[in-house]
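Examination of the molecular architecture
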Amino acid sequence: MTEQHNRPVLEIEGLRLAFPVYGGEISALNDVSLRVNAGEIVGVVGESGSGKSVTAMMAMRLLPDDSFIIKSGALRLLGTDVVNASDKQMRTLRGARVAMIFQEPMNALNPTRKIGRQMCEVIRLHQKISQKEAEKKAQNLLEEMQIGDAAQVMQRYPFELSGGMRQRVLIAMAFSCEPELIIADEPTTALDVTVQRQVLRLLRRKARSSGTAVLFITHDMAVVSQLCDRVYVMYAGNVIESGATEEVIAHPAHPYSIGLMQAAPENGEPRSELKAIAGTVPNLAKLPTGCAFRGRCTHGDAQCQQSPALSPLTVESLYIHSQQQVACWHPQREAAEMTQEPLR
Ligand code: ATP
Ligand code: MG
């Protein structure tokens, strides 16, 4: 790895965040530490309610200021202390140096404006170039996203495009200001598996060619395996496992990660019998003490009443430079069966 690659663009350390609600609070993030280095594609995976979107929204400080309390921890985005930054500092970061792609492209695109006009507006907001140059740039970006009739597509309204096409437009827009980091929250979840794979391939290629780092949020381990260099597995607001994608996929150590892997479709096709993880996520308004997964875990014992910290996996690993970390008193050594082809 080069020095450039070790430069963090996003660093979250021990973040605890709660939403005050009537009669108590919801502990949405209980101990989140993660890092995205320049040029890296990093996945965050976990079931619904595990805190993925809250993490992404907080990284951009898009949660309303009076809606949450930071209990402890730190968050730096391109060196800026996000928790204490001024609104002006955050506005400068958003859009120009960090871009976000959301799940539902219809909400992110203005339905009453043609694609080309919207793209040019975004481009010219952050770059001092002429309308003509912005149009050229928008067209090039759409072509890079393999939109063949780019000039024509620019003349269309969002509703005139398919879901996959709209998502490619949004990806092109996210790259248009040449950001250092793109945060993508489930951008392909609504697409069918074939279109999803295409869109992921384009995203990966463009990120690699432009050196842009990506934080990619998904509930699907199969997507992580196709796209990401490293992965963080979240459960009930905690990061419970992290490491290089290949090592976490080949040897998931946390019983929850093993369950997630078994629930992942194989090679884009759903497994003949899709296993769901038994039980439900704990109530974040009344978290039990100790490991949050213990109510659903078959390996639990008295020790699990204490919270396990994320720490390096001590069992000998096949990987000499293993970076795998796990928050579990009883890490497993199961070899996973998933055989996803990574996208190139
Ligand atoms: P999904 O896969 O369904 O998108 P997620 O992992 O993104 O799930 P989050 O949206 O991060 O989950 O939510 C984490 C927890 O925080 C959930 O229990 C959610 O209900 C709660 N939460 C999120 N925003 C708020 C809020 N503004 N007020 C109260 N609770 C909230
Ligand atoms: Mg979410």
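Computed from a predicted model, the values in this text were never measured in an experiment.

By size, the foremost hydrophobic cluster in this structure holds 58 residues, and its most contacted members are Met119, Leu142, Val169, Phe216 and Tyr256. Broken down by element, the residue count for this core peaks at 8 residues, all from helix H7 (residues 163-176).

Looking now at unusual backbone geometry. Not every positive phi belongs to a glycine, and Glu186 is a case in point at roughly 50°. Relative accessible area serves as the criterion here: at 10%, Glu186 is assigned to the buried category. Backbone geometry at Ala236 places phi at a positive 45°, although glycine is not the residue there. Position of Ala236 relative to the elements: it lies in the loop between strand S9 (230-235) and strand S10 (238-244).

All right, on to the packing of aromatic side chains then. Counted by the stated rule, this structure contains 4 aromatic pairs. With a centroid separation of 4.6 Å and 55° between ring planes, the pair formed by Tyr235 and Tyr256 is classed as tilted. Taken as a pair, Tyr235 in strand S9 and Tyr256 in helix H11 (residues 255-263) lie far apart in primary sequence, 21 residues in all. A relative accessible area of 2% means that Tyr235 is categorised as buried. Measuring from ring centre to ring centre gives 5.4 Å for Tyr256 and Phe293, while their planes differ by 65°; the resulting arrangement is edge-to-face. Placement of Tyr256 in helix H11 and of Phe293 in the loop between H11 and strand S11 (311-312) is noted, with a sequence separation of 37 residues between them. With relative accessibility at 4%, the residue Phe293 sits in the buried group. Here the aromatic cluster, defined as three or more aromatic residues joined through ring pairs, consists of Tyr235, Tyr256 and Phe293.

With that settled, the discussion passes to the pattern of salt bridges. Side-chain pairs of opposite charge can arise where the charged atoms are in close proximity. Summed over all chains, the structure comprises 15 salt bridges. Residues Arg296 and Glu47 are paired through a salt bridge, measuring 3.0 Å at the closest nitrogen-oxygen approach. On the criterion of sequence distance, the pair formed by Arg296 in the loop between H11 and S11 and Glu47 in the loop between strand S3 (41-45) and helix H1 (52-59) is long-range, its members being 249 residues apart. Given the relative accessible area of 21%, Glu47 is considered partly exposed. Two residues, Glu180 and Arg97, come together in a salt bridge whose shortest N-O distance is 3.0 Å. Here Glu180, found in the loop between H7 and strand S7 (181-185), pairs with Arg97, found in the loop between helix H2 (87-93) and strand S6 (98-101); they are 83 residues apart in sequence, far enough to count as distant. Put simply, Arg7, Arg97 and Glu180 are held in one network by salt bridges that share partners.

With that out of the way, let us pick up the packing of helix H4 (residues 115-126) against helix H5 (residues 131-144). Each packed pair of helices is defined by two parameters, the angle between the axes and the distance between the axes. Relative orientation of the contacting elements H4 and H5 amounts to 115°, with a least axis distance of 9 Å. Classified by the interaxial angle, the pair formed by H4 and H5 is roughly perpendicular. In the crossing of H4 with H5, the sense of the turn from one axis to the other is right-handed. Across the interface between the two elements, Met119, Cys120, Ile123 and Arg124 from H4 touch Gln131, Ala134, Glu135, Lys137, Ala138, Leu141 and Leu142 from H5. Split by residue class, the contact of H4 with H5 holds 7 nonpolar, 1 polar and 3 charged.

Close to ligand 1 lie 13 residues; Ser48, Gly49, Lys52, Ser53 and Val54 are nearest. Between Ser48 and ligand 1, the recorded distance is 2.5 Å, taken from a side-chain N or O atom to an oxygen atom. The separation between an oxygen atom of ligand 1 and a polar side-chain atom of Ser53 is 2.8 Å. Mapped onto the shell around ligand 1, the elements with two or more residues apiece are strand S2 (24-37) and H1. Looking at the shell around ligand 1 element by element, the count peaks at 3 residues for H1. Of the residues that constitute the shell around ligand 1, the class distribution is 5 nonpolar, 5 polar and 3 charged.

What counts as what
- Residues numbered from 1 in each chain as written.
- Chains lettered and ligands numbered in written order.
- Predicted model: local features only at pLDDT ≥ 70, side-chain atom pairs only at ≥ 80, totals over all residues.
- Heavy atoms only, no water.
- Core = buried A, V, L, I, M, F, W, Y, C linked by side-chain atoms within 4.5 Å.
- Buried < 20%, exposed > 50% of the residue type's maximum accessible area, 1.4 Å probe, protein only.
- Helix = DSSP H or I, 4+ residues; strand = E, 2+ residues; numbered from the N terminus.
- Phe/Tyr/Trp six-rings, centres within 6.5 Å; stacked < 30°, edge-to-face > 60°.
- Salt bridge = Lys/Arg side-chain N within 4 Å of Asp/Glu carboxyl O.
- Axes fitted to C-alpha atoms, helices over the stretch in contact; angles between N-to-C directions.
- Parallel < 35°, antiparallel > 145°, perpendicular 65-115°, else oblique.
- Left-handed = near helix turned anticlockwise from the far one by under 90°.
- Contact = heavy atoms within 4.5 Å.
- Nonpolar A, V, L, I, M, F, W, Y, C, P; charged D, E, K, R; others polar.
- Near = heavy atom within 4 Å.
- Polar contact = N/O pair within 3.5 Å; in protein donor to acceptor, adjacent residues only side chain to side chain.

Honestly, it's all geometry; don't read function into it.
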